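# Observations on the model geometry
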Amino acid sequence: MKKQNRSVAALGRKVIRTEAQALADMAERLNGNFDQAVDTLYRVKRKVIVTGVGKSGLIGQKIAATLTSTGTPAFFLHPTDALHGDLGLVRKGDAAIIISKSGETDELYELLSVLKRVGVAIIALLGKADSPLAGLSDVVLDVSVKEEACPHDLVPTSSTTAALAMGDALAIALLDRRNFSPEDFACFHPGGGLGKRLLLKVSDLMLTGQDVPVRSEERRVGKECRSRW
């Protein structure tokens, strides 16, 4: 059993190291296209559309949420839903972030063709920079990986991690460009532990006036404490 546990732990370390290497490789490839992508998103007058299919779509949902909470209004739009009526959400002046490992997804190709006609700027996070989707995009960001962390090089692991990290990089670059402060973040995120940490003031906890507990000089605090224990 101990030998098996060590083997499982070794596999876990290999997965993490493979994905970490994919991120390091991607960081080295980052170029002027990233600056162009940030400029495009910063100039958007309306909203940012994020789209993708399968695991890429799930990553897209997180990227849209991160953008929205850091000052760049965004929403996730599934390609199939878009082609069946939800394109009504899209307007000229929007920008789109598309995510695809293959760069050949049929649903995305059809969606991008429509977005181009509407006048939407398209930023593509692609695993293949010379793919058909690249030809329809205004800016291409290379999120390719040498291998997936899956032993069969099949399951989206390194590739989804790379796309997620690129989305985070875009969001934080935009946050910096907008001079987005902790106070701004608190306005968009008032709930949970983060909201409490950012919004809670001393005045929210401090007792004042008649609510302040007062002891008379005659009362002995020490004796009462000992009696409680």
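For the structure, see preceding data.
Residues numbered from 1 in each chain as written. Predicted model: local features only at pLDDT ≥ 70, side-chain atom pairs only at ≥ 80, totals over all residues. Heavy atoms only, no water.

### Describing the sheet that holds strand S2 (residues 74-76)
- Pairing within the open sheet is parallel, and its five strands lie in the order S2-S1-S3-S4-S5. Looking at strand neighbours, the two that pair on one side only are S2 and strand S5 (139-142), the edges of this open sheet. Ignoring which end each strand starts from, the neighbouring axes of this sheet average 20° apart.
- With six bridges joining them, strand S3 (residues 95-100) and strand S4 (residues 121-126) adopt parallel strand pairing. Pairing of Ile98 across the sheet is with Ala124, part of S4.
- Along the sheet, helix H7 (residues 158-177) makes contact with S3, S4 and S5, crossing S4 at roughly 140°. (Pairing = 2+ DSSP bridges. Helix = DSSP H or I, 4+ residues; strand = E, 2+ residues; numbered from the N terminus. Axes fitted to C-alpha atoms, helices over the stretch in contact; angles between N-to-C directions. Contact = heavy atoms within 4.5 Å.)

### A short note on the side chain of Glu19
- Structurally, Glu19 is set in helix H1 (residues 2-29).
- It turns out Glu19 is buried and unbridged, and the closest side chain with the opposite charge, Lys14, is 10 Å from it.
- Of the polar contacts made by the side chain of Glu19, one reaches the side chain of Thr161; its length is 2.6 Å. (Buried < 20%, exposed > 50% of the residue type's maximum accessible area, 1.4 Å probe, protein only. Lys, Arg positive; Asp, Glu negative; His and termini not counted. Salt bridge = Lys/Arg side-chain N within 4 Å of Asp/Glu carboxyl O. Polar contact = N/O pair within 3.5 Å; in protein donor to acceptor, adjacent residues only side chain to side chain.)

### Quick look at H7
- In this model, H7 (20 residues) spans 29 Å end to end at C-alpha, consistent with the 28 Å of a helix rising 1.5 Å per residue.
- Of all the positions in H7, only Ser158, Ser159, Thr160, Ala162, Ala163, Met166, Gly167, Leu170, Ala171 and Leu174 are classed as buried. (Expected span 1.5 Å × (residues − 1).)

### Quick word on the environment of Met26
- Looking at the secondary structure, you find Met26 in helix H1.
- Sequence spacing of Met26 and Leu141 is 115 residues, and the spatial spacing of their C-alpha atoms is 9.7 Å.
- When near neighbours in sequence (up to four residues on either side) are disregarded, Met26 contacts Asp142, Val143, Ala162, Ala165 and Met166.

### Some thoughts on the environment of Ser102
- By secondary structure assignment, the location of Ser102 is in the loop between S3 and helix H5 (106-118).
- Ignoring anything within four residues of it in the chain, the contact list for Ser102 reads Lys128 and Ser131.
- A polar atom in the side chain of Ser102 sits 3.1 Å from the backbone nitrogen of Glu104.

### Topic: the packing of helix H2 (residues 32-42) against H7
- Packing of H2 against H7 brings their axes to within 10 Å, and their N-to-C directions diverge by 60°. As judged from the angle between their axes, H2 and H7 are oblique. Pair H2 / H7 crosses with right-handed handedness. Contacts from Phe34, Ala37, Val38, Asp39, Leu41 and Tyr42 in H2 reach Met166, Ala169, Leu170, Ala173, Leu174 and Arg177 in H7.
- Its residues assigned to classes, the contact of H2 with H7 shows 10 nonpolar, no polar and two charged. (Parallel < 35°, antiparallel > 145°, perpendicular 65-115°, else oblique. Left-handed = near helix turned anticlockwise from the far one by under 90°. Nonpolar A, V, L, I, M, F, W, Y, C, P; charged D, E, K, R; others polar.)

These figures capture arrangement, not role.
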